[in-house]
Amino acid sequence: MKRRLVALALGYAALAPQAAQAQLANVTLYGNLNVDLEFINGQQLDGSNPTVTRVSSNSSRLGVRGSEYLGRGQVAIFQIESNIQGDTGNASSSGLASRETFVGLQGDWGTLKAGKFLTPYDDIHPIFGNTPTLTTSVLSTAALWAQGPLPKSQGGFDDRLGNSLRYETPPMGGFSAALQYSTRDSSGNANGGDNGDHTSEVRHAYVFGAGAYYSSGPLDLGIAYEYNYQVRTPDQNDHALTVAAAYDIGSLFGSPGLRIGGVYERLDYGTLAGSLTRNFWAVSATVPFGGGSFYGFFGRASNGGGGAPDGTGVGFVVKGQDTGCDQWEISYSYALSLRTILYAGYVRLNNQPKAIYTFNINDYPTAVGAKPSGVVFGMVHFF
C-alpha cells in the first residue's frame, strides 16, 4: 500500500510541471515603459516663471492577462495591471493592481467583467486624441476634456473606477456599445476607493456610464455619457456628454493615414447654488511624414455657465467671464519597430485671467491665468 502511494506521489510530481505549463499556456505578461525628458514652464504663485527640467514616466505599466476556455463558446478572462514608475523606480509610487484589473466571462453574447477599469466615457478619447500622442504625458489631450487631471471627488470624468461592473457588446457590423456601473463602496481597497478617491461618509452613491461606437474603414464615431450620483458631495449630481468623430481622408486618395478628428463635450454639475455648465470642443489632425506622423490639436474650454452665481466652481470649471482655456499641441512620432516609438512634442495651455487649468498627466501647478507650456522628447517600448 505504501509503495503504491509513493508511486502515485512520484507520478503526480512528474505530471505537475506539465499541468502547470498547460494552465499557463493562455497567460501573457505584457506592459510598456514610456519615459520622456520635459522642459516645462509657467507662471508660479510667486510670480516667477522658471523652466523646470524633469524626466517623467507616462502611464508605464506591467500586467498579466489570461483566459481559460470553459466550453460551449464561453471563456473566463482575467487581468492584473500595475503602475510602474519608470523614471524613479519608486515602488511606493507604484501599486499592484492599480490599473485595469478584472475578472470576467466572454462569449458570442459579449463580455461581462468586474473589477477596476476606465469607463465608457474614456473609450471615446482615442477617436479625437489618436495614437501618436499615446494620450499620456503632458501631451495628453485630456487636460481640458473631461477635467482629466481631477478625480471624481473634484469633478473629473476621466477616471479609473474600482468596484465596477461592465458589459460590452460583441462587434456588430462596426457597431459596439458598453455599459458600466460603479458603486462608491471602499471595502476591500487599501486606498479607500479608486485611486484614493472615495466618499468619506456612508451614503448611496454610484457612477453610471454608457457609450456607443462605430468603426468601419476610414470612419470612427462615438458618443458617451456619464452620470455621477452623489459622488462628489451629497444631493449634488453631475453629468457629462461627449460626441466625437474622425475620418481618414487619405483613404480617398489611396494613401491612408491623413486623419482629421473632432469632439464636443458638455459638462453639467449640480451645486447648492444651481447648475454649473461648461462646453468644450476640439479638432485634431494626423499627417504622415518621413516615415512617422505629425499630430496637431487645438481645444477650447468655454467660460463656466449655468444658473449658479459667478465665482461658483467645481474643479477647474468656474462660472463667469474669463474662466476659459485653450490647448495647443503639435507632436511627431516615429516608429523604430512595431514595439518601439520615439516622439517629440510641444504643448501650451492658454488660461484666461480667471482660469487655472493644468496638464492632465505629470501635473505642473501654476498661478491663476498662467500659460504653462512644455517641450517633450520621449521613448516608449511595448512588450
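Keep in mind it's a predicted model, so treat the numbers as computed, not measured.

J.: Would you mind showing me how to read the overall build of the protein here?
T.: When you go through the protein residue by residue, the secondary structure sums to 2 helices and 19 strands. Considering only residue pairs separated by 6 or more positions, the protein has 58% of its internal contacts joining residues 24 or more positions apart. A total of about 18,300 Å² of accessible surface is found on the protein, and carbon and sulfur atoms cover 62% of it.

J.: Please clarify how the side chain of Thr340 should be interpreted in this entry.
T.: Within the element layout of this structure, Thr340 appears in strand S18 (residues 340-351). At 2.8 Å, the side chain of Thr340 forms a polar contact with the side chain of His381. Sequence-distant contacts of Thr340, defined by excluding residues within four places in its chain, comprise Tyr334, Ala335, Met379, Val380 and His381.

J.: Explanation requested: a nonpolar patch on the surface in the structure shown.
T.: A surface patch of nonpolar side chains, about 820 Å² in accessible area, is lined by Leu37, Phe39, Val55, Val287, Phe289, Phe294, Ile330, Tyr346, Val375 and Phe377. Secondary structure elements with two or more residues in the nonpolar patch: strand S1 (27-41), strand S13 (274-289) and strand S19 (373-382). Locating Phe289 in the fold gives a position in strand S13.

J.: Is there a simple way to explain the pattern of salt bridges in this structure?
T.: Side-chain pairs of opposite charge can arise where the charged atoms are in close proximity. The tally for this structure, following the rule as stated, stands at 12 salt bridges. Between Glu226 and Lys152 there is a salt bridge, with its nearest N and O atoms 2.0 Å apart. Taken together, the residues span a long stretch of sequence, with Glu226 in strand S10 (residues 219-233) and Lys152 in the loop between helix H2 (125-129) and strand S7 (160-168) at a distance of 74 residues. Residue Glu226 is classed as buried on the basis of its relative accessible area, which comes to 0%.

J.: What am I meant to see in the confidence of the model for the protein here?
T.: Here the protein shows a mean pLDDT of 88. Residues at 70 or above account for 87%. Ranking the elements of the protein by mean pLDDT puts helix H1 (residues 2-23) last with 42 and strand S16 (residues 317-318) first with 98. In this model, residues 1-24 is a region of pLDDT below 50 whose contacts with residues beyond four sequence positions or in other chains number 0 contacts. Low pLDDT, under 50, characterises residues 186-200; the stretch is placed with 30 contacts to residues that sit more than four places away or in other chains.

J.: Where do I start with the packing of aromatic side chains in this structure?
T.: Each aromatic ring pair is summarised here by two numbers: the centre-to-centre distance and the angle between the ring planes. Taken as a whole and assessed by the stated rule, the structure comprises 15 aromatic pairs. Seen in terms of ring centroids, Phe298 and Trp328 are 4.5 Å apart; in terms of plane orientation they differ by 55°. Their pairing is tilted. Of this pair, Phe298 sits in strand S14 (residues 292-301) while Trp328 sits in strand S17 (residues 325-335), and the two are 30 residues apart along the sequence. A residue is classified by how much of its surface remains accessible, and Trp328, at 44% relative accessible area, is partly exposed.

J.: Looking at this model, I keep getting lost on the nonpolar core. Mind explaining?
T.: Nonpolar side chains tend to gather and get buried jointly when the protein is soluble and globular. Ranked by size, the top nonpolar core spans 39 residues in total, and within it Tyr121, Trp145, Phe280 and Tyr357 carry the most contacts. Mapped onto this core, the elements with two or more residues apiece are H2, strand S11 (236-248), strand S12 (259-271), S13, S14 and S18. Once residues lying within four places of it in the same chain are set aside, the contact partners of Phe280 are Leu144, Trp145, Val263, Tyr264, Glu265, Phe297, Gly299, Arg300 and Ala301.

J.: Got a minute to help me understand the pairing of S11 in this structure?
T.: Taken residue by residue, a regular strand's side chains alternate between the two faces of the sheet. Along S11, the buried face is formed by Gln236, Asp238, Ala240, Thr242, Ala244, Ala246 and Asp248; none of Asn237, His239, Leu241, Val243, Ala245 and Tyr247, which line the opposite face, is buried. Turn length for the S10-S11 hairpin, with the two strands adjacent in sequence and antiparallel, is 2 residues, and the turn residue Asp235 shows positive phi of about 65°. Relative to S12, S11 runs antiparallel, the two sharing 11 bridges. Among the inter-strand pairings, Ala245 is bridged to a residue of S12, identified as Gly262.

J.: Which parts of the structure should I look at to understand unusual backbone geometry?
T.: Excluding glycine, a negative phi dihedral is what most residues carry, and trans is how most peptide bonds are arranged. Look at Thr135: it is not a glycine, yet its phi comes out positive at around 45°. Counting through the fold element by element, Thr135 comes out in the loop between H2 and S7. What makes Thr135 partly exposed here is its relative accessible area of 29%.

What counts and what doesn't
- Residues numbered from 1 in each chain as written.
- Predicted model: local features only at pLDDT ≥ 70, side-chain atom pairs only at ≥ 80, totals over all residues.
- Heavy atoms only, no water.
- Helix = DSSP H or I, 4+ residues; strand = E, 2+ residues; numbered from the N terminus.
- Contact = heavy atoms within 4.5 Å.
- Areas by Shrake-Rupley, 256 points an atom, 1.4 Å probe, with all protein chains shown as cover.
- Polar contact = N/O pair within 3.5 Å; in protein donor to acceptor, adjacent residues only side chain to side chain.
- Patch = residues over 30% accessible without salt bridge, like charges linked within 9 Å, V, L, I, M, F, W, Y side chains within 5 Å.
- Salt bridge = Lys/Arg side-chain N within 4 Å of Asp/Glu carboxyl O.
- Buried < 20%, exposed > 50% of the residue type's maximum accessible area, 1.4 Å probe, protein only.
- pLDDT = per-residue confidence, 0-100.
- Phe/Tyr/Trp six-rings, centres within 6.5 Å; stacked < 30°, edge-to-face > 60°.
- Core = buried A, V, L, I, M, F, W, Y, C linked by side-chain atoms within 4.5 Å.
- Pairing = 2+ DSSP bridges.

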